[in-house]
Amino acid sequence: MKNTRILALCLSGLLALSAQSCLKSYVEYFDESSAERLSTYLNDLDQMLGSEQYGWRMEYFVGNEDGDFGGINLALKFDSEKGEVTAMSEEDETAAYTSHYVLTTDSGPVLSFDTHNPILHKYGTASSEYYEGRGGDYQFFIIGYDKDKKVVNLKGKRNGKFCTMYPISEPIADFNAKMYNYNHNFYVSSFDGFIDGKKVTGDIDVNNRQFTAYEMEEYGKDDQGNPKYDIAETKTVPYIITEKGLHFYEPLEIFDKTFEEFDFNFDMTQTDTLFTNTANSVTLKGHIPEDWLPYEFFEGNWTLTYSTSSRMNLTLVPEGDKQSYRIKGISSQFDLMANYNVRTGRIELLAQYCRKPDTDDVVWSDDSERYYVRLCAWQNGSYLTFNTSVGMEAVLKTTMGADGKIDMEATLARPTFNWVDNGGSKSIKTDSFLLYLYDTDDSADSPYAGQPSGINFTGGSTMLPDLKTLVKR
């Protein structure tokens, strides 16, 4: 490949790094005894990274034996003189963190983000929920780079996932905000269509970014003469969102046709959206969840039921970001936040800080700035967690029509939602919540400091056991 450096390396033997994904078109070999050539190789790459005016988009794929989590767009701006990189992620619209990076060697050339960065280390750092992390990497073998095409191919040292970097044509904040909007406005849950006259259906796991296609096989006719189908083959592949649609981590083969991507319109004002693949002249129809509800629906007055026969009147006040509501009435001493999940069209109650009424200030116990009050997700009679991704979601109780589909008019005559675990934890099935103190003193034996005294929910308890329903008033 023109202007691509191909180096060979002798250790005591030969180390080979092979790229088998279709996203990566070549492999580089390095001769460690040729230190000068390797140094030149890394210096050239460093200059290439730092010379891009706006920075780079990184297709960052994560996952381990617990499962794939698909691809995340990272926006990176390198300062090669300072050895610093500023990182943003499509998972957060505005957060940006600067840390150091280094180009070094470790059984081959390596790009290492060697100081902690909350974005670059998020999926590779162990936590109480994922003791080996979530299959992310912050050290990457450099498989190769092409100065003409301006592409850098990487492979995670630990998870072995291939990641690719491309230049972007706008400041990283602008690019990241755009990808954030694409990501948060994509909530297609299923699709169907035909490929060469053969029926295909599928599911899209938007949380874990998995695209599943079912090759359907006709096995008869119904009473009206319509074909009846059964699943013959199931194909699943991780995806990443691009400015055009979905791009797959590896080729997806459906009915002997190979798909690397699908384009679609991000305008979700329509009930359905079309997935197109021009290379195969295929168009599929995508669908949003039947019970999906818009953000604006949840504003207003509600009744929360919990325990055996307990009730509490609440008001959900929009925060103005179309992502959250402030819950008023849950306590005279604090407010909580309800998240709106645009993918499911549902609201969630997650573990979080308790906030002073009408502010974002944290509630401290007894005016002490050592203990702050947290809402914990709780499995009644068992475990609790401070993990802010764990909690419950309110699922619409639906009425089915004669056609077997949800009758939304009847369903929304008096909207009722059932509280269910949101699947945010492998070890806890949340059915309740309670207030707990978090000890901020680093010398404390445990951050868990017991339940607060004098700070309660409406009704005088520190517990919300066995959440049941949320009913619109």
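None of these values were measured; they are calculated from a predicted model.

For the chain, mean pLDDT is 88; residues scoring 70 or higher make up 89% of the total. This model gives residues 1-27 a pLDDT under 50, and the stretch forms 78 contacts once residues within four places in sequence are excluded.

What follows is about the sheet that holds strand 20 (residues 324-328). If you trace the 8 strands once around the closed barrel, you get 18-19-20-21-22-26-27-30, paired in antiparallel fashion. For this sheet the average axis-to-axis angle between neighbouring strands, irrespective of direction, equals 30°. With 4 bridges joining them, strand 20 and strand 21 (residues 336-341) adopt antiparallel strand pairing. Bridge pairing links Ile 327 to Leu 336 in strand 21.

Further remarks concern the environment of Gly 454. Of note, Gly 454 is situated in the loop between strand 28 (432-439) and strand 29 (463-464). Judged by its relative accessible area of 49%, Gly 454 is partly exposed. Here the alpha-carbon distance between Gly 454 and Gln 333, two residues 121 residues apart in the chain, equals 9.6 Å.

The phi torsion at Ser 307 lies on the positive side, around 55°, for a residue other than glycine. Here Ser 307 lies in the loop between strand 18 (300-306) and strand 19 (310-318). Take Ser 307: its relative accessible area is 22%, and that puts it in the partly exposed class. The phi angle at Asp 358 is positive, at roughly 65°, despite the residue not being glycine.

We now examine the packing of aromatic side chains. When we look at a pair of aromatic rings, we describe it by the centre distance and by the angle of the planes. All told, the structure shown has 34 aromatic pairs when counted by the stated rule. Both rings, one in Tyr 187 and one in Trp 292, keep their centres 4.7 Å apart while their planes meet at 5°; by these two values the pair is stacked. Of the two residues, Tyr 187 is situated in the loop between helix 2 (172-184) and strand 10 (190-195) and Trp 292 in the loop between strand 17 (282-287) and strand 18; the sequence distance between them amounts to 105 residues. Of the residues examined, Trp 292 reaches a relative accessible area of 18% and is grouped as buried. Taking the ring centre of Tyr 229 as reference, the NZ or CZ of Lys 199 above it sits at 5.7 Å. For Lys 472, the ring lying beneath its charged end belongs to Phe 297, and the centroid distance is 4.1 Å.

Next up on the list: the environment of Gly 133. Within the element layout of this structure, Gly 133 appears in the loop between strand 6 (109-112) and strand 7 (139-146). On the basis of relative accessible area, Gly 133 is assigned to the buried category, the value being 2%. Remark: the alpha-carbon pair of Gly 133 and His 121, spanning 12 residues in sequence, is separated by 9.4 Å.

Rules and cut-offs
- Residues numbered from 1 in each chain as written.
- Predicted model: local features only at pLDDT ≥ 70, side-chain atom pairs only at ≥ 80, totals over all residues.
- Heavy atoms only, no water.
- pLDDT = per-residue confidence, 0-100.
- Contact = heavy atoms within 4.5 Å.
- Pairing = 2+ DSSP bridges.
- Helix = DSSP H or I, 4+ residues; strand = E, 2+ residues; numbered from the N terminus.
- Axes fitted to C-alpha atoms, helices over the stretch in contact; angles between N-to-C directions.
- Buried < 20%, exposed > 50% of the residue type's maximum accessible area, 1.4 Å probe, protein only.
- Phe/Tyr/Trp six-rings, centres within 6.5 Å; stacked < 30°, edge-to-face > 60°.
- Lys NZ or Arg CZ within 6 Å of the ring centre and 35° of its normal.

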